[in-house]
Amino acid sequence: MQQRPRAKLSDVARDAGVSPATVSRAIAQPELLAAETLARVRASAQRLGYLPDGAARALASGRSMTIGAIVPTLDSAIFARALQAMQATLAQAGYLLLVASHESIPAAETQAVRALLGRGVDGLMLVGAERAQETADLLRGAGIPIVLTWCGDGRFSSVTIDNALAGRLAAQHLIDLGHRRIGMITGHLPFNDRQRARLAGARAALTEAGLSLPDHLVTEQALSLAGGRAGCATLLELDDRPTALIGGVDLIAIGCIEEGHARGMDVPRHLSVVGIDGLEMSAHISPSLTTVHVPTVRIGQSAATKLMALIRRDAVEPDTRLPVELVVRRSTVAFHRPAARDSAAPQPVTTA
């Protein structure tokens, strides 16, 4: 089969009944064209199968029409949802999202920043505010919009949540249910300001209630189901084992529930569990997980919208703070001191 010659910009102009300059403007600066003209040019381009040359487009507009996003891991439903929301929002404006991960290794994040800047991205999204000095220097000298997510630092635009409040809400819920020995399983704290803030928030709530969260009731684990099970096992082996646990993320909390079940415990009668994130699966496990909901999709959408606004040099608020909220389900109940016949497991009881 004979291959059809590749359509040129002049072919699109002729088909749409406009000048080649108008077609160029439709590609590089579509916001400058009338909606009817832009629609006609795009219809002709689609009909002819025209694909603009990326290098030429970047030269003409000063933009590559690509945005970079660097996340701690791609093996995460939380970051996957945020990236999907970013991609959908950016695609509507003709941007392509380039994604990299660093597995919580500072040097790997530095390398990812260098690689994406080298590809000429028009803006960058990163997670958290803590990073190596070399990376921070690269970002300050990049000359493109930077948006931090989940945590900000005031140096760059950001889309954040109050991670300390998330930890506080989780702890306060358990305190209100009468729990006094509360443990927490976090992710690894170095290079993770989100987990540190959640731990600090939980500790603050306990301190205000005249309680404490000592180091032996906190364990750092991988942000995974296995990490949740391992952390839960560690805390349940203590002589003064907790009657309730907070997972620094939902996956950890779900792992706690699974470990409790594996030990023959009735969750929440013997152990109440709270997570932080609001994963979809958390509503469908048994028992359904009480969690602090984080608006992950809105984080991705807002980061994309803010980056495009900054590229256009529009005025934006420095930090967009999104709300978190407690969602009470069936994995937590009120605590009371166990009867002697059931001393093997500290047991809360469900109230009517």
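Draft legend 1. Up close: the overall build of the protein. In terms of regular secondary structure, the protein is built from twelve helices and twelve strands. Principal axes of the C-alpha set define a box for the protein whose edges measure 90 × 45 × 40 Å. Of all 352 residues assigned to the protein, the portion counted as buried reaches 50%. The long-range share in the protein, meaning contacts at least 24 apart out of those at least 6 apart in sequence, stands at 69%. Total accessible area on the protein is roughly 16,500 Å²; 53% of this is exposed by carbon and sulfur atoms. Of the charged side chains in the protein, 36 are positive and 33 negative; the average position of the first set lies 6 Å away from that of the second.

Draft legend 2. Region of the structure containing helix α9 (residues 193-208). Compared with the 22 Å implied by 1.5 Å per residue over 16 residues, the 22 Å span of α9 between its first and last C-alpha is a close match. Of the residues making up α9, those classed as buried are Asp193, Arg194, Gln195, Arg198, Leu199, Gly201, Ala202, Ala205 and Leu206. Downstream of α9 by one or two residues, Gly210 has phi in the positive range, about 80 degrees.

Draft legend 3. Quick look at the environment of Gly227. With respect to the helices, strands and loops of the structure, Gly227 is situated in helix α10 (residues 225-236). Here Gly227 falls in the buried class, since its relative accessible area comes to 4%. When the C-alpha atoms of Gly227 and Ile185 are compared, they prove to be 8.5 Å apart, with 42 residues separating the residues in sequence.

Draft legend 4. Layout of helix α5 (residues 77-91). Look at α5: 21 Å from first C-alpha to last across 15 residues, which is about the 21 Å you get at 1.5 Å a residue. What α5 keeps buried is the set Ile78, Phe79, Ala82, Leu83, Ala85, Met86, Thr89 and Leu90. Each buried residue of α5 sits inside an arc of 160 degrees when the element is viewed along its axis, so together they form one side. Buried-residue contacts for α5 involve β1 (66-71), β2 (96-101), β3 (123-127), β4 (146-150), β9 (272-277) and α12 (296-311).

Draft legend 5. Quick peek at the packing of α10 against helix α11 (residues 250-262). At a closest axis distance of 6 Å, the pairing of α10 and α11 adopts a crossing angle of 55 degrees. When the axes of α10 and α11 are compared, the pair comes out oblique. Along this stretch, α10 crosses α11, giving a crossing that reads as right-handed. Every residue of α11 that contacts α10 at Leu225, Gly228, Arg229, Cys232 and Ala233 is listed here: Leu251, Ile252, Ile254, Gly255, Cys256, Glu258, Glu259 and Ala262. For the contact of α10 with α11, a count of residues per class yields eight nonpolar, two polar and three charged.

Draft legend 6. Structural view of the pairing of β1. In terms of burial, β1 is a largely internal element, six of the six residues being buried. Neither face of β1 is open: one carries Thr66, Gly68 and Ile70, the other Ile67, Ala69 and Val71, and all of them are buried. Here six bridges tie β1 to β2, and the two strands are oriented parallel to one another. In the sheet register, Ile67 faces β2, and the bridge partner there is Leu97. At this point the chain moves from β1, through α5, to the parallel β2, and the crossover so formed is right-handed. As judged from the four bridges shared by β1 and β3, these two strands associate in the parallel manner. Opposite Ile70, over in β3, you have Leu126 as the bridge partner.

What counts and what doesn't
- Residues numbered from 1 in each chain as written.
- Predicted model: local features only at pLDDT ≥ 70, side-chain atom pairs only at ≥ 80, totals over all residues.
- Heavy atoms only, no water.
- Helix = DSSP H or I, 4+ residues; strand = E, 2+ residues; numbered from the N terminus.
- Buried < 20%, exposed > 50% of the residue type's maximum accessible area, 1.4 Å probe, protein only.
- Contact = heavy atoms within 4.5 Å.
- Areas by Shrake-Rupley, 256 points an atom, 1.4 Å probe, with all protein chains shown as cover.
- Lys, Arg positive; Asp, Glu negative; His and termini not counted.
- Charge placed at Lys NZ, Arg CZ, Asp CG, Glu CD.
- Expected span 1.5 Å × (residues − 1).
- Arc of directions from axis to C-beta.
- Axes fitted to C-alpha atoms, helices over the stretch in contact; angles between N-to-C directions.
- Parallel < 35°, antiparallel > 145°, perpendicular 65-115°, else oblique.
- Left-handed = near helix turned anticlockwise from the far one by under 90°.
- Nonpolar A, V, L, I, M, F, W, Y, C, P; charged D, E, K, R; others polar.
- Pairing = 2+ DSSP bridges.
- Right-handed = clockwise from strand over helix to strand, strands pointing away.

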